[in-house]
Amino acid sequence: MGVASALCYFCLLLHPMVIEFTFSNEDFQIRHAQVAVFRMDALTGIKTLAKKAKEQLYRNEESIRNYFGPDEGEISGGLWRSTLSSPGLYRAVLGQIAIVRTSDRKEFTVPVYTKDFTIAEGDVEAGRYKIEISEPLFRIIVLDQNGQRVADRLELGFELHATDGGTEMTFELETDGNGEMTFLGDPSKYTPEVLDKPWLRIKTERLP
């Protein structure tokens with residue numbers, strides 16, 4: 001990265017970038033959500049910056065925060081005006097997600113969703129970036145030993161394994177009063193389980 005282009009990124013700190021969250025099949029739309037974005041390659045990327053660019057980066061707390069993240073806010077109608085201003089690898093964490101099915105306008109509430117994405121220099125210059133969501137919606141249902149639904153609020157544990165076999169991410173979510181939850185993406189990759197009640201099992205089904 002050259003000095004001029006690196007300095008350009010820091011000049012863009014005051015200009016928001018519009019991030020659009022959209023489903024690739026257009027069957028669903030995000031009406032509203034909370035979002036936080038973290039820079040995943042900041043520590044390695046900073047080593048490649050030229051001396052002048054590093055001086056600009058470290059000039060004050062605001063510039064450091066914008067480089068490393070996090071940036072957070074609200075998605076409305078699938079759009080979020082962020083302060084992201086540097087190319088790099090990011091992770092978006094969405095919460096309290098209201099998703100509307102296009103065919104019948106039925107709304108689903110999804111507790112959390114994560115998405116990694118890469119912003120290029122051209123995206124920074126354009127001031128706009130589109131994140132396409134290809135994962136389908138799933139319903140998680142908790143069943144008892146007889147295969148019957150458990151009508152109760154239950155704590156579920158989720159664990160995402162890294163490629164090296166270690167644990168990359170863990171989190172806990174609560175079902176509704178019917179022992180159900182709507183999940184964006186295949187829940188099986190997080191090996192969900194009912195916490196403190198190992199005799200209960202989890203069934204997943206894809207939503208149409």
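Residues numbered from 1 in each chain as written. Predicted model: local features only at pLDDT ≥ 70, side-chain atom pairs only at ≥ 80, totals over all residues. Heavy atoms only, no water.

The next subject is the pairing of strand β8 (residues 137–143). β8 sits mainly inside the fold: six of its seven residues count as buried. Bridge analysis of β8 against strand β11 (residues 180–184) gives five bridges, and the strand direction is antiparallel. By the bridge assignment for β11, Ile 140 is matched with Met 181. (Buried < 20%, exposed > 50% of the residue type's maximum accessible area, 1.4 Å probe, protein only. Helix = DSSP H or I, 4+ residues; strand = E, 2+ residues; numbered from the N terminus. Pairing = 2+ DSSP bridges.)

Evaluation of the coordinates by the stated rule reveals eight salt bridges. Between Arg 128 and Glu 20 there is a salt bridge whose closest N-O contact spans 3.7 Å. Highlighted residues: Arg 128 in strand β7 (residues 128–133) and Glu 20 in strand β1 (residues 17–23), separated in sequence by 108 residues. Looking at Arg 128, the relative accessible area reads 41%, which means it is partly exposed. Linking Glu 180 and Arg 149 is a salt bridge whose minimum nitrogen-to-oxygen distance equals 2.0 Å. Note that Glu 180 is positioned in strand β11 and Arg 149 in the loop between β8 and β9 (155–161), a separation of 31 residues in sequence. Using a relative accessible area of 19% as the deciding quantity, one classes Glu 180 as buried. (Salt bridge = Lys/Arg side-chain N within 4 Å of Asp/Glu carboxyl O.)

In the structure shown here, the tally under the stated rule is eight aromatic pairs. Relative to Phe 117, the ring of Tyr 90 lies with its centre 5.7 Å away and its plane at 20°, an arrangement referred to as stacked. Of this pair, Tyr 90 sits in strand β5 (residues 88–101) while Phe 117 sits in strand β6 (residues 107–119), and the two are 27 residues apart along the sequence. With a centroid separation of 5.5 Å and an interplanar angle of 70°, the aromatic rings of Phe 171 and Tyr 190 are classed as edge-to-face. Note that Phe 171 is positioned in strand β10 (residues 167–174) and Tyr 190 in the loop between β11 and β12 (193–194), a separation of 19 residues in sequence. A relative accessible area of 19% means that Phe 171 is categorised as buried. Connected via pairs of aromatic rings, a cluster forms that spans Phe 158, Phe 171, Phe 183 and Tyr 190. (Phe/Tyr/Trp six-rings, centres within 6.5 Å; stacked < 30°, edge-to-face > 60°.)

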